[in-house]
Amino acid sequence: MEKLKRFVLVVGDLPIDQVKREDLERYRDSLVSNGVSATTVQKYLDTLNALFRWAKRERRLILINPAEDVRAPRDTRTSDKKGRRPFNAQELKSILEKAQTTWSKPGRDVDLLMMLRVLIYTGARPLEIAQLRPCDVENGVISINDHDGKLIKNEASIRDVPI
């Protein structure tokens, strides 16, 4: 809801059929000039795009989606400037030790501990690991695939990961 309120503050409380691409670009530029990260700007634009897409397809309130091709600027910051960095060896060891202490007690879900271990040792994405089935692990290899309706990030995500 905050996303829509910010949009209305920037462009005004317009009827949905009067919102133009230029309004969305002005909104985007306003977010960027106020220091909102490119990733967050894109999330805000994606929300508006979904709203306009719904208004067009489901309700036939508009003929064109003004948000369809409006994109946030490319995020050119380096990983360390984005606040992301890989865990170092000591941090990983500490995480595993805490998880072992917490999740290996009787009555706890030891599957979480196993999932954490697979995440750390393979570098696979959490969704990829959470969707694994026994048939996806064979001869010391995890098969990350889109079989049986599993979700993957993109086609390049289909791969075999040695254990």
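Analysis parameters
Sequence positions are assigned chain by chain, starting from 1 and proceeding in written order. Local features in this predicted model are restricted to residues of pLDDT 70 or higher, and side-chain atom pairs are both shown and tallied only at a pLDDT of 80 or more, whereas totals for entire chains, interfaces and linings draw on every residue. Water and hydrogen atoms play no part in the side-chain values, which are based on all heavy atoms of the structure. By definition, two strands form a pair when at least two bridges between them are found by DSSP. Each helix is a run of DSSP H or I of at least 4 residues and each strand a run of E of at least 2, with the numbering of both proceeding from the N terminus. Only one rule defines a salt bridge in this text: a Lys or Arg side-chain nitrogen within 4 Å of an Asp or Glu carboxyl oxygen. Throughout, exposure labels follow a simple rule: accessible area from a 1.4 Å probe, protein chains only, divided by the maximum for the residue type, with under 20% read as buried, over 50% as exposed, and the rest as partly exposed. Working definition: a ring pair exists when centres of Phe, Tyr or Trp rings (six-membered ring for Trp) sit within 6.5 Å. Plane angles under 30 degrees give stacked, over 60 give edge-to-face, the rest tilted. Geometry is summarised by axes, namely lines fitted to C-alpha atoms with helices restricted to the contacting stretch, and by angles between N-to-C directions that run from 0 to 180 degrees. Each angle is binned into one of four classes, with values under 35 degrees roughly parallel, values over 145 roughly antiparallel, values of 65 to 115 roughly perpendicular, and all other values oblique. Should any heavy atoms of two residues lie within 4.5 Å, those residues are considered in contact. To estimate the expected span of a helix, subtract one from its residue number and multiply by 1.5 Å. The arc in question is the one spanned by the directions pointing from the helix axis to the C-beta atoms. Patches here: salt-bridge-free residues with over 30% relative accessible area, like charges joined within 9 Å, nonpolar side chains (Val, Leu, Ile, Met, Phe, Trp, Tyr) joined within 5 Å. We get accessible surface area from the Shrake-Rupley algorithm with a probe of 1.4 Å; when it comes to residues, only the shown protein chains can shield them. In this text, buried Ala, Val, Leu, Ile, Met, Phe, Trp, Tyr and Cys residues form a nonpolar core when linked through side-chain atoms within 4.5 Å.

(A) Fine view of the sheet that holds strand E3 (residues 159-162). The sheet built from three strands is open, its strands ordered E1-E2-E3 with antiparallel pairing. Each edge of the sheet is formed by a strand with only one pairing partner; in this case those strands are strand E1 (137-138) and E3. Strand direction decides the pairing type here: strand E2 (residues 141-144) and E3, joined by four bridges, are antiparallel. Its bridge partner lying in E3, Val141 is registered against Pro162.

(B) How the structure looks around the pattern of salt bridges. For the structure on display, the rule yields nine salt bridges. Residue Asp23 is joined to Arg26 by a salt bridge in which the shortest nitrogen-to-oxygen separation is 2.9 Å. Here Arg26 and Asp23 lie together in helix H2 (residues 21-33), a separation of three residues that amounts to about one turn. Given a relative accessible area of 10%, Asp23 falls into the buried group.

(C) Highlighting the packing of aromatic side chains. Taken as a whole and assessed by the stated rule, the structure comprises one aromatic pair. On the basis of an interplanar angle of 85° and a centroid distance of 5.1 Å, the ring pair of Phe7 and Tyr27 is categorised as edge-to-face. Linking Phe7 in helix H1 (residues 2-11) with Tyr27 in helix H2, this pair joins segments that are 20 residues apart in sequence.

(D) Region of interest: the packing of H1 against helix H3 (residues 38-57). H3 packs onto H1 with a crossing angle of 90° between their chain directions and a minimal axis gap of 10 Å. In terms of orientation, H1 lies roughly perpendicular with respect to H3. Mapping the contact onto sequence places Glu2, Lys3, Leu4, Arg6 and Phe7 in H1 and Lys43, Tyr44, Thr47, Leu48 and Leu51 in H3.

(E) Main features of H3. Under the 1.5 Å per step criterion, the end-to-end length of H3 is 28 Å for 20 residues, consistent within 8% with the ideal 28 Å. Among all positions in H3, only Ala38, Val41, Gln42, Tyr44, Leu45, Leu48, Asn49, Phe52 and Ala55 are buried. The buried residues of H3 occupy one face: seen down the axis, they fall within an arc of 160°. Buried positions along H3 lie against H1 and H2.

(F) Here's a closer look at a nonpolar patch on the surface. Taken together, Leu4, Leu51, Trp54 and Leu61 make up a surface patch of nonpolar side chains, about 340 Å² in accessible area. Position of Leu61 relative to the elements: it lies in the loop between H3 and helix H4 (89-103).

(G) Just the nonpolar core, in detail. Counting 17 residues, the largest nonpolar core has Phe7, Leu24, Tyr27 and Phe52 as its most contacted members. Within the residue set of this core, elements represented by two or more residues are H1, H2 and H3. Here the element with the most residues in this core is H3; it accounts for six residues. Apart from residues lying up to four places away in sequence, Tyr27 is in contact with Lys3, Arg6, Phe7, Val10, Val11, Tyr44, Leu45 and Leu48. In terms of nonpolar packing, the next biggest core, distinct from the first, is built from six residues, Ala124, Ile129, Ile142 and Ile144 among them.

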